[in-house]
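Chain residues, written in single-letter form:
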Amino acid sequence: MQKLYIHPLPVRVWHWINASSVIALILTGLQIRYVGLIDVMSMRLAVTVHNWIGFLLLGNFFLWLCFYLFSDKITIYHPELNPKKYYRDSIRQARFYGWGIFRGAPNPHHMTPYKKFNALQSVSYQIIMLIVIPTQIVTGILLWDVERFSGIVALLGGVRIVDTVHVLILIFFAFFLFIHVYLATLGHTATAHIKAMFTGYEEIEDQDAEDSKPGERDDNKDKDKQIRMPIGGPPSPLHIH
Amino acid sequence: MTISNREDKSTAGRVHTGPCKPAVAMFLVWCAFSFVTTTTLASIPDDSLSAADEQCLKCHSFERLATTLGNGETLSLHVPGDVFAKSVHNWIGCESCHQEIDLGTHSRSTNKKTYANKRERSIALAKTCYQCHEDKSHQYEGSIHASLVESGNLAAPVCTDCHGSHTVKPKAAYETLTGAPCKNCHENIFAVYLESMHGQARSKLGHIEAPVCSDCHRAHDVNVASVEDRLKDACLGCHEDTKRAHKEWLPNAGLHLQAVSCAACHAPAARRRVDLLLYDSVAQRPVSENEIAPRLGDLPGPRESSKDGLDAKELWNLVRGINREGTAAEVTLRGRMEVVTGEQAHQMAWKSKALRDCESCHRDGAEPFQNVTVSLIRADGKRVSYGAEKEVLSSALSMNSVGGFYALGGTRIKLLDILLLLAVVAGASVPIVHLTMRKLLRKDK
């Protein structure tokens, strides 16, 4: 078993702020929407908290965006510009989650710092981070001050449509959170990936760590090797990126 | 002539530059002052009448003097001389308004212009006022009162209905609680107003700045209170700090001030409703009945209640149908929370009693969303309301037609609630089923 430094500090900070913000936004959002059915706090407080956390999420989004735009880790979202391989890997990954995992088959994806996500994660997170979250942020800002943005709101079809899009994304996240948390338990132990998101180090099977399928080209393999270390050893400062 | 002028000029020059300049200047000022005050005082009406007017009153002071109109109505021709003498019109005399009368033949019945009824006569004689009060007449012509008169409404007032014919008082007299002529027709509303904080402030606390009818509704260009923003502007005209004060505690304060009438919160005892006004967003004005005449058949009939009114699909079809007529108009429904009746709109309470809790409206089943109307403007300028089912506010079909009105919690779309429930159930099921499969199949293995 080896430890790989997969999650750099900015990513971990972003992730946990994002996670807690999304949960808080969902909870306050539900309170705002279901006054009477849920009465944990007053609606006014819920709206105030929801707005503040919304702006926190907005700032945090830019932390994520800037980190990946200005670092070479952007490859985790699209490591290889090869649609055919991307499609093949997606099918293989889906087959693993839908059947192979039940039979104890190995995960076809081998995590490395520059190839952190499997094909399905990669496409999902790109959609979430580049479409879903920005849409939620924009609709949230419009709803935060409808009068100030009345022109844009009218252009989009009115406050009802803007709110509906906002709620549809809330519904999506309400679904996604279950799946995300569940998938996070599919490491070699139930808490392995969750711990890794705190420490930055993922524990990788030796076989996986060395495994590189014949014929598959990995441009970042050399970089990846630099930041592997045996369990128990301290990370070199150079590795923390 | 030339020489004389030259001499005058030189003399004048000496006066202005000589040593007695202050005395002469003071004399000229005194002369000017005397002229102005004398002429002004002469124009102020006193309680006396001219000889010509006294001549008219020789006959018209008889209380039983009357004539019969075309429909058989008896019209009193009695003019109380003492009252007329105290009116603001005493100085213009009888003849100024009754120019059609020829004194030589006045007593002969053949010279008398006959009217079908009193109403026709009042409307015809009101034009006389326009000769002097042109500005007010223009304001009146654009008012709801004038529209109603034109549409044949017998109760709608002309000049004399509010001001009287021979008893016209100074403007200030109408700006008091006792002098407001509005109460003659709007008696119920006036009674409610007197009990409101505005009425109480005026009558019991002596706040003369508290509004009477004309301060909000205007005196001559009276308009339908609920159609335009004029009434809201009247509120904001006195309560200038309203927007800032609301922003301190109310999220989206600007939107609330647009979509909620002042009375909806400041008359807490009133019943509320949501009115969806058919609005032409291209022309920026409410849609009138004439403009959608072919589609009027789709409406269920004017009513105040929402029972058996338009459902979401009918409303959607109505808006779509109007916009499909090939006109340049782009009709939408502009939603606004209002109180149900005009009387309730006058039940303004003290600020401390106004609704401030969000939960009054932003919850499922909240009272304001139980009563929904769709409205448009009649030819006479009045608003006419058609019933709609309350579900039009929470139906997915209303996404477009009622796109501009949405109250968090209160008018939430039910379909989204179902989707959320499904998402949570599906989200929770996937891990449970997947985990179960992993355990079961591994065991099997």
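Please read all numbers here as calculations on a predicted model, not as lab measurements.

### Concerning the overall build of chain B
Here's step 1: Counting secondary structure elements, chain B contains 21 helices and seven strands.
Here's step 2: Restricting to contacts in chain B with at least 6 residues of sequence separation, those with at least 24 account for 72%.

### Observations regarding the overall build of chain A
Here's step 1: In terms of helices and strands, chain A carries nine helices and three strands.
Here's step 2: Secondary structure elements of chain A, listed N to C terminal, follow the sequence β-α-α-α-α-α-α-α-β-α-α-β.
Here's step 3: Counted over contacts in chain A with a minimum sequence separation of 6, partners at least 24 positions apart contribute 73%.

### Looking at the interface of chain A and chain B
Here's step 1: With 30 residues of chain A at the interface, the matching set in chain B holds 36 residues.
Here's step 2: Taken together, the elements giving at least two residues each to the side of chain A that touches chain B come down to helix 1 (9-33), helix 2 (43-69) and helix 6 (159-184) of chain A.
Here's step 3: Sort the elements by how many residues they give to the side of chain A that touches chain B and helix 6 of chain A lands first, with 13 residues.
Here's step 4: Its residues assigned to classes, the side of chain A that touches chain B comprises 18 nonpolar, five polar and seven charged.

### Structural notes on the nonpolar core
Here's step 1: Within the largest apolar cluster, 54 residues are counted, with the highest numbers of intra-cluster contacts made by Ala263, Leu276, Leu278, Leu315, Val374, Ala388 and Val392 of chain B.
Here's step 2: Residue contacts for Ala263 of chain B: discarding those within four places in its chain leaves Ala270, Val339, Gln344, Ala345 and Met348 of chain B.
Here's step 3: Membership of the second largest hydrophobic core comes to 12 residues, among which are Val167, Phe173, Ala174 and Phe175 of chain A.

### Quick notes on the confidence of the model for chain B
As a note on interpretation, predicted positions should not be read in detail where pLDDT is low.
Residue and element names in this part refer to chain B.
Here's step 1: When pLDDT is averaged along chain B, the result is 81, and 82% of the positions lie at 70 or above.
Here's step 2: Per-element averaging of pLDDT across chain B places helix 1 (residues 2-17) at the bottom with 35 and helix 17 (residues 262-266) at the top with 93.
Here's step 3: Within the model, pLDDT remains below 50 along residues 1-20, and this stretch shows two contacts once partners closer than five positions in the same chain are excluded.

### Here we look at unusual backbone geometry
Residue and element names in this part refer to chain B.
Here's step 1: In this structure, Asn252 takes a positive phi of about 50° despite not being glycine.
Here's step 2: Here Asn252 is to be found in the loop between helix 15 (242-247) and helix 16 (253-259).
Here's step 3: On the basis of neighbour count, Asn252 is assigned to the buried category, with 20 C-beta atoms found within 10 Å.

### Description of the pairing of strand 3 (residues 272-280) of chain B
Residues and elements named next belong to chain B.
Here's step 1: Where burial is concerned, most of strand 3 is hidden: nine out of the nine residues are buried.
Here's step 2: Alternating residues of strand 3 divide into Arg272, Val274, Leu276, Leu278 and Asp280 and Arg273, Asp275, Leu277 and Tyr279, and every residue in both groups is buried.
Here's step 3: Direction of pairing for strand 3 relative to strand 5 (residues 331-339): antiparallel, over a ladder of nine bridges. Bridge pairing links Val274 to Met337 in strand 5.
Here's step 4: Across four bridges, strand 3 lies against strand 6 (residues 372-377) in parallel orientation. Bridge pairing links Val274 to Val372 in strand 6.

### Topic: the confidence of the model for chain A
Residue and element names in this part refer to chain A.
Here's step 1: The predicted model of chain A averages 85 in pLDDT, with 85% of residues at 70 or higher.
Here's step 2: Helix 1 holds the highest mean pLDDT among the elements of chain A, 96, whereas strand 3 (residues 228-230) holds the lowest, 45.
Here's step 3: Every residue in residues 211-220 is under pLDDT 50, and counting partners more than four places away or in other chains gives eight contacts.
Here's step 4: Throughout residues 224-241 the model reports pLDDT below 50, and contacts reaching past four residues in sequence, or to other chains, amount to 26 contacts.

### Side note on the packing of helix 2 of chain A against helix 4 (residues 119-144) of chain A
Residue and element names in this part refer to chain A.
Here's step 1: As a packed pair, helix 2 and helix 4 sit with axes 10 Å apart at the nearest point and diverge in direction by 145°. Helix-helix and strand crossings are classified by hand; for helix 2 and helix 4 the assignment is left-handed. Between helix 2 and helix 4, the contacting residues are Asn51, Gly54, Leu57, Leu58, Phe61 and Trp64 on the first element and Met129, Ile133, Ile137, Gly140 and Trp144 on the second.
Here's step 2: Grouping the constituent residues of the contact of helix 2 with helix 4 by class yields eight nonpolar, three polar and no charged.

### Structural notes on the environment of Met348 of chain B
Residues and elements named next belong to chain B.
Here's step 1: The topology assignment puts Met348 in the loop between helix 19 (342-345) and strand 6.
Here's step 2: With 155 residues separating them in the primary sequence, Met348 and Tyr193 have C-alpha atoms 7.9 Å apart.
Here's step 3: What Met348 contacts, discounting residues up to four positions off in sequence, is Ser196, Met197, His198, Ala263, His266 and Ala267.

### A closer look at helix 2 of chain A
Here's step 1: Here helix 2 of chain A is 27 residues long and its end C-alpha atoms lie 38 Å apart, about the 39 Å a rise of 1.5 Å per residue gives.
Here's step 2: Looking only at helix 2 of chain A, the buried set comprises Met43, Ala46, Val47, His50, Ile53, Gly54, Leu57 and Asn60 of chain A.

### Details of the packing of helix 1 of chain A against helix 2 of chain A
Residues and elements named next belong to chain A.
Here's step 1: Closest axis-to-axis distance for the helix 1/helix 2 pair is 9 Å, and the angle between their directions is 155°. If you check the angle between helix 1 and helix 2, you find them roughly antiparallel. Seen from above, helix 1 lies across helix 2 with left-handed handedness.

### Some details on the environment of Pro181 of chain B
All names here are of chain B.
Here's step 1: Along the chain, Pro181 turns up in the loop between helix 10 (171-174) and helix 11 (187-195).
Here's step 2: Judged by the 18 C-beta atoms lying within 10 Å of it, Pro181 falls in the partly exposed class.
Here's step 3: Taking the C-alpha atoms as reference points, Pro181 and His246, 65 residues apart in sequence, are found 34 Å from one another.
Here's step 4: The contacts of Pro181, once residues within four sequence positions are left out, are Cys162 and Tyr174.

Each value, and the rule that gives it
Residues numbered from 1 in each chain as written. Chains lettered and ligands numbered in written order. Predicted model: local features only at pLDDT ≥ 70, side-chain atom pairs only at ≥ 80, totals over all residues. Helix = DSSP H or I, 4+ residues; strand = E, 2+ residues; numbered from the N terminus. Contact = placed C-beta atoms within 7 Å. Nonpolar A, V, L, I, M, F, W, Y, C, P; charged D, E, K, R; others polar. Core = buried A, V, L, I, M, F, W, Y, C linked by C-beta atoms within 7 Å. Buried ≥ 20, exposed ≤ 12 C-beta atoms within 10 Å, placed from the backbone. pLDDT = per-residue confidence, 0-100. Pairing = 2+ DSSP bridges. Axes fitted to C-alpha atoms, helices over the stretch in contact; angles between N-to-C directions. Left-handed = near helix turned anticlockwise from the far one by under 90°. Expected span 1.5 Å × (residues − 1). Parallel < 35°, antiparallel > 145°, perpendicular 65-115°, else oblique.

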